[in-house]
Amino acid sequence: MSRAVASNLVDFHCHLDLYPDFEALIAECEEARIFTLGVTTTPAAWPRNHELTRVTRHVRTALGLHPQLVAERASEIDLWDQYLPEARYVGEVGLDSGPKYYKSLPKQKEVFEHVLRRCARAGNKILTVHSVRSVTPVLDMVEQHLANTDNRVVLHWFTGTRKEALRAAQLGCYFSVNGTMLSKPVGREFVTSLPLARLLTETDGPFTRSGAEVARPSDVLATVDQLAVLRGTDRDEVARLVRANLRDLISD
Ligand code: MN
């Protein structure tokens, strides 16, 4: 891969702290100059993640409370509040009404609403949001709490309809796209319909694979290549576009 592309990659949603070589992976992203947002699933993980990424140039940490963990960890919301002033990025947060997590949906809504209210009050946060089988309530809540604020939402691994994507775009949301989303024709067709200026890339590692291996942030290059094919352009142009979108997103 050319140096220009390598230094332009963006992995906007990766669970860095779930890899056995967490620290080495941070160093790898720094070395390759991959902008990587390390998301956390519980605020208890914040101090260690924050410590390891407070002086990194390309790796950032998001403060999360994952909807799939809310059933057991809702009480950690106080800890989340405590760390919020240290965090520019928030996630993984959101809602999941898939069969395994449906039962905790009322609690998830409470937690997510709390998160949105706190972000609205604090301002200038960037959220990476999970919306499995719950796009409409997620967008309703984002609209209710974050409209007319300077907070920004990135919908991670979005699996809604085109109509829902259009509504999300109108609300100002970005979309971070991974290789698994592009593995089927219906996913590729959907991603092609997303507004170019709102497109980011992610791995959601270690929950996705690159061939036989667990995906690492550098594997977003394959996603960049797939997007280039879909858009009839080349990888450098897609990489530049995603990087420009990132700059727009994170600029104050
Ligand atoms: Mn995730």
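Higher on the page you've got the structure.
These notes cover the structure that comes with them. Just so it is clear, the structure is predicted and the values come from calculations on it, not from any experiment. (Residues numbered from 1 in each chain as written. Predicted model: local features only at pLDDT ≥ 70, side-chain atom pairs only at ≥ 80, totals over all residues. Heavy atoms only, no water.)

1. Quick look at the coordination of the manganese ion
No. 1: Here the manganese ion is held by the protein donor atoms His13 (NE2), His15 (NE2), Glu92 (OE) and Asp204 (OD), which lie 2.2 to 2.3 Å from it.
No. 2: Here the donor residues for the manganese ion map to a single chain with the spacing H-x1-H-x76-E-x111-D. Pair noted here: His13 is in strand β1 (residues 10-14) and Glu92 is in strand β4 (residues 89-96), with a separation of 79 residues, a long-range link. Assigned by exposure class, His13 and Glu92 land together as buried. (Donors = N, O, S within 2.8 Å, 3.2 Å for Na, K, Ca; no water. Helix = DSSP H or I, 4+ residues; strand = E, 2+ residues; numbered from the N terminus. Buried < 20%, exposed > 50% of the residue type's maximum accessible area, 1.4 Å probe, protein only.)

2. Description of the nonpolar core
No. 1: Core analysis: the biggest nonpolar cluster contains 65 residues, and Phe12, Trp80, Phe112, Val115, Leu127 and Leu155 have the highest contact counts within it.
No. 2: Look past the residues within four positions of Phe112 in its chain and what remains in contact with it is Val93, Gly94, Leu95, Val129, Val138, Met141 and Val142.
No. 3: Judged by nonpolar contacts, the second largest core, of eight residues, contains Leu16, Tyr19, Phe22 and Cys29. (Core = buried A, V, L, I, M, F, W, Y, C linked by side-chain atoms within 4.5 Å. Contact = heavy atoms within 4.5 Å.)

3. A look at the packing of aromatic side chains
No. 1: Taken as a whole and assessed by the stated rule, the structure comprises five aromatic pairs.
No. 2: Between the aromatic rings of Phe158 and Phe190, the centroid separation amounts to 5.9 Å while the plane-to-plane angle is 20 degrees, which identifies the pairing as stacked. Separated by 32 residues along the polypeptide, Phe158 in the loop between β6 (152-156) and α8 (162-170) and Phe190 in helix α9 (residues 185-192) bring together distant segments of the chain. Across the pair, Phe190 and Phe158 agree in class, each one buried. (Phe/Tyr/Trp six-rings, centres within 6.5 Å; stacked < 30°, edge-to-face > 60°.)

4. Here we look at the pattern of salt bridges
No. 1: Taken as a whole and judged by the stated rule, the model has twelve salt bridges.
No. 2: Across the salt bridge formed by Arg54 and Glu51, the nearest N and O atoms sit 3.9 Å from each other.
No. 3: Judged by its relative accessible area of 53%, Arg54 falls in the exposed class.
No. 4: A salt bridge links Asp225 to Arg235; its shortest N-O distance comes to 2.8 Å. You can see Asp225 sitting in helix α10 (residues 220-231) and its partner Arg235 sitting in helix α11 (residues 235-250), a full ten residues away along the chain.
No. 5: Residues participating in the shared-partner salt-bridge network are Asp21, Glu28 and Arg216. (Salt bridge = Lys/Arg side-chain N within 4 Å of Asp/Glu carboxyl O.)

5. Details of the pairing of strand β5 (residues 126-132)
No. 1: For β5, the buried fraction is high: six of the seven residues fall into the buried class.
No. 2: Inspection of the sheet shows β4 paired to β5 by six bridges, in the parallel sense. Bridging from a neighbouring strand, Gly94 pairs with His130 of β5.
No. 3: Taken together, β4, helix α6 (residues 105-122) and β5 form a β-α-β motif whose crossover is right-handed.
No. 4: Pairing geometry for β5 and β6, over four bridges, is parallel. In the strand pairing of β6, Leu127 is matched with Val153.
No. 5: Once you follow β5 into helix α7 (residues 135-146) and on to β6, the crossover reads as right-handed. (Pairing = 2+ DSSP bridges. Right-handed = clockwise from strand over helix to strand, strands pointing away.)

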